[in-house]
Amino acid sequence: MVSLPNAGQKEFWEQRYQQAETAWNIGKPHPLLHKLMARLCQIVAVVPEGNLGRVLVPGAGHAHCAAYWAEQGYDTDAIDIAPSAISLARETYAKIPQLRIQLADIFAAPFPPETFDVVYDRAMLCALPPDMRTKYIQAVTGMLKKGGVFAIISFADIDREGGPPWPLTLLDLSGLLRKDFDLLFAEDYAYEKKKPDQIILGESLSLWMRR
C-alpha cells in the first residue's frame with residue numbers, strides 16, 4: 001500500500017501548488033497584517049533606532065505577506081519547502097529590495113541561531129499536524145534573537161473536522177510559548193459564515209517576545 005504524503009511533508013505541499021489547490025491564497029497580504037505590524041511598532045522597539053530589523057517568514061507560499069514586510073522597510077527572508085511555491089513567489093516579487101525568497105526548511109536550521117528580530121507566521125503553524133507544533137516552536141525560538149518577537153495570525157475557529165489547517169487558539173499558543181515567551185498583545189476576530197464553503201470563522205492576532 002502506498003503511503004500518501006501528509007501536511008508535515010514537502011511532497012504534500014508541492015502537490016498542492018502544482019495542482020493549484022491553494023485556497024488559502026487570497027492574492028494579497030493578509031488583511032489584518034497591517035494591524036499586527038502597527039501594534040508591533042507601538043508596543044516594543046525590537047531593533048535599534050533607524051533599522052526596522054530582519055524578519056523571517058516561514059511557509060511563505062506566494063510570499064504576499066513577506067513582500068509586505070519588505071515594502072515597509074524590513075530586511076525579509078521568505079522561505080518555503082515547496083519548489084513550486086518559491087517559483088510562483090519569485091515570479092511576482094523577485095524585484096522587491098530587501099526581500100529574499102528561497103527554498104528552505106525551517107526544521108533544517110537554514111540560518112544561524114538568533115538571526116532574526118521577528119518571525120512572522122501566517123498560518124504555517126496551523127497547517128502543520130498538531131504533533132509537529134512543539135518542534136516548530138523550538139525552531140522559531142532558535143531563529144529569534146532574545147528580545148525578538150514571534151508575530152502570528154492563527155485560525156482560532158475552523159468549521160471543519162481534521163486538517164490542514166487545524167484550529168489554534170490563544171490558549172493553545174500560550175501552552176506552546178509560555179516557556180520561552182511573554183505575551184505582548186492578543187486580539188481575536190470572529191467572522192460570520194457567509195457562504196457554505198467558508199471554514200474560517202475566527203482568527204487570533206498575537207505578539208510574543210522571546211525571553
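All figures in this text were calculated on a predicted structure; none of them were measured in a lab.

**Q** Is there a simple way to think about unusual backbone geometry in this case?
**A** A cis amide bond, omega 0 degrees, links G163 with the succeeding residue P164. You can see P164 is positioned in the loop between β5 (144-158) and α7 (170-177). P165 follows P164 through a cis peptide bond whose omega is -5 degrees. In this structure, A20 is a non-glycine residue whose phi angle is positive, near 55 degrees. Mapped onto the fold, A20 is located in the loop between α1 (10-18) and α2 (33-43).

**Q** What is the right way to look at the sheet that holds strand β1 (residues 54-57) in this model?
**A** Whether parallel or antiparallel, the strands of a sheet pair through hydrogen bonds between backbone atoms. If you walk across this open sheet you meet the 7 strands as β3-β2-β1-β4-β5-β7-β6, and the pairing is mixed. Across the chains shown, the open sheet's two edge strands, defined by having one partner strand only, are β3 (99-103) and β6 (181-190). Recorded for the sheet is a direction-independent mean angle of 15 degrees between the axes of neighbouring strands. On top of the sheet, helix α6 (residues 133-143) reaches β1, β4 (116-122), β5, β6 and β7 (200-210); it is set at about 145 degrees to β5, its chief contact.

**Q** Is there a simple way to think about the pattern of salt bridges in this case?
**A** Between side chains of opposite charge, pairing is possible as soon as their charged atoms come close. Per the counting criterion, the structure on display carries 8 salt bridges. Two residues, R16 and E21, come together in a salt bridge whose shortest N-O distance is 3.7 Å. Across the pair K145 and D117 runs a salt bridge whose closest N-O atoms are separated by 3.3 Å. With a gap of 28 residues between them, K145 in strand β5 and D117 in strand β4 connect regions that are remote in the sequence. Classification of K145 as partly exposed rests on a relative accessible area of 32%. Residue classification places D117 among the buried positions, given a relative accessible area of 5%. Here the salt bridges do not stand alone but share partners, grouping R54, D75, D77 and R100 into one network.

**Q** In this structure, what is going on with the packing of aromatic side chains? I would like to understand it.
**A** Here the distance between the centres and the angle between the planes together describe a pair of aromatic rings. Here the structure, examined in full by the defined rule, presents 8 aromatic pairs. Every member of this aromatic cluster is reached through a ring pair, and the members are F12, W13, Y17 and W24.

**Q** Explain the packing of α2 against helix α3 (residues 64-71) here, please?
**A** The relative placement of two packed helices is expressed as an angle between their axes plus a distance between the axes. Close contact between α2 and α3 brings their axes to 11 Å; oriented N to C, the two are set at 40 degrees. When the axes of α2 and α3 are compared, the pair comes out oblique. For α2 against α3, the interelement crossing comes out right-handed. Taken together, the residues of α3 that come into contact with α2 (itself represented by L33, H34, M37 and L40) are C65, Y68 and W69. When grouped by side-chain class, the residues that make up the contact of α2 with α3 number 6 nonpolar, 1 polar and no charged.

Definitions and limits used
- Residue positions within a chain follow its written sequence, with the count starting from 1.
- Note on the predicted model: pLDDT of at least 70 is required for a residue's local features to be given, and 80 or more for side-chain atom pairs to be given and counted; whole-chain, interface and lining totals, by contrast, use all residues.
- By convention in this description, side-chain values take in all heavy atoms of the structure and omit both hydrogens and water.
- The helix and strand labels rest on DSSP assignments: H or I over at least four residues marks a helix, E over at least two residues marks a strand, and numbering proceeds from the N terminus.
- Here the rule is simple: two strands pair whenever DSSP picks up at least two bridges between them.
- An axis is simply a line fitted to the C-alpha atoms; with a helix, the fit covers only the stretch in contact. Between two such axes, the angle follows the N-to-C directions and lies from 0 to 180 degrees.
- Here, two residues are considered to be in contact whenever any of their heavy atoms come within 4.5 Å of each other.
- For salt bridges, the criterion is a side-chain nitrogen of Lys or Arg within 4 Å of an Asp or Glu carboxyl oxygen.
- The cut-offs for exposure are 20% and 50% of the maximum accessible area for each residue type, with area from a 1.4 Å probe on protein chains only; residues under the lower value are buried, those over the upper are exposed, and the others partly exposed.
- Note on aromatic pairs: the rings of Phe, Tyr and Trp (six-membered ring only in Trp) are paired at centre separations within 6.5 Å, and the planes decide the class, stacked below 30 degrees, edge-to-face beyond 60, tilted for the rest.
- Orientation is classified from the angle alone, with under 35 degrees giving roughly parallel, over 145 giving roughly antiparallel, 65 to 115 giving roughly perpendicular, and any other angle giving oblique.
- It is the rotation of the near helix from the far one that decides the hand of a crossing: anticlockwise by less than a right angle makes it left-handed, clockwise makes it right-handed.
- In this classification, Asp, Glu, Lys and Arg are treated as charged, Ala, Val, Leu, Ile, Met, Phe, Trp, Tyr, Cys and Pro as nonpolar, and every other residue, Gly included, as polar.

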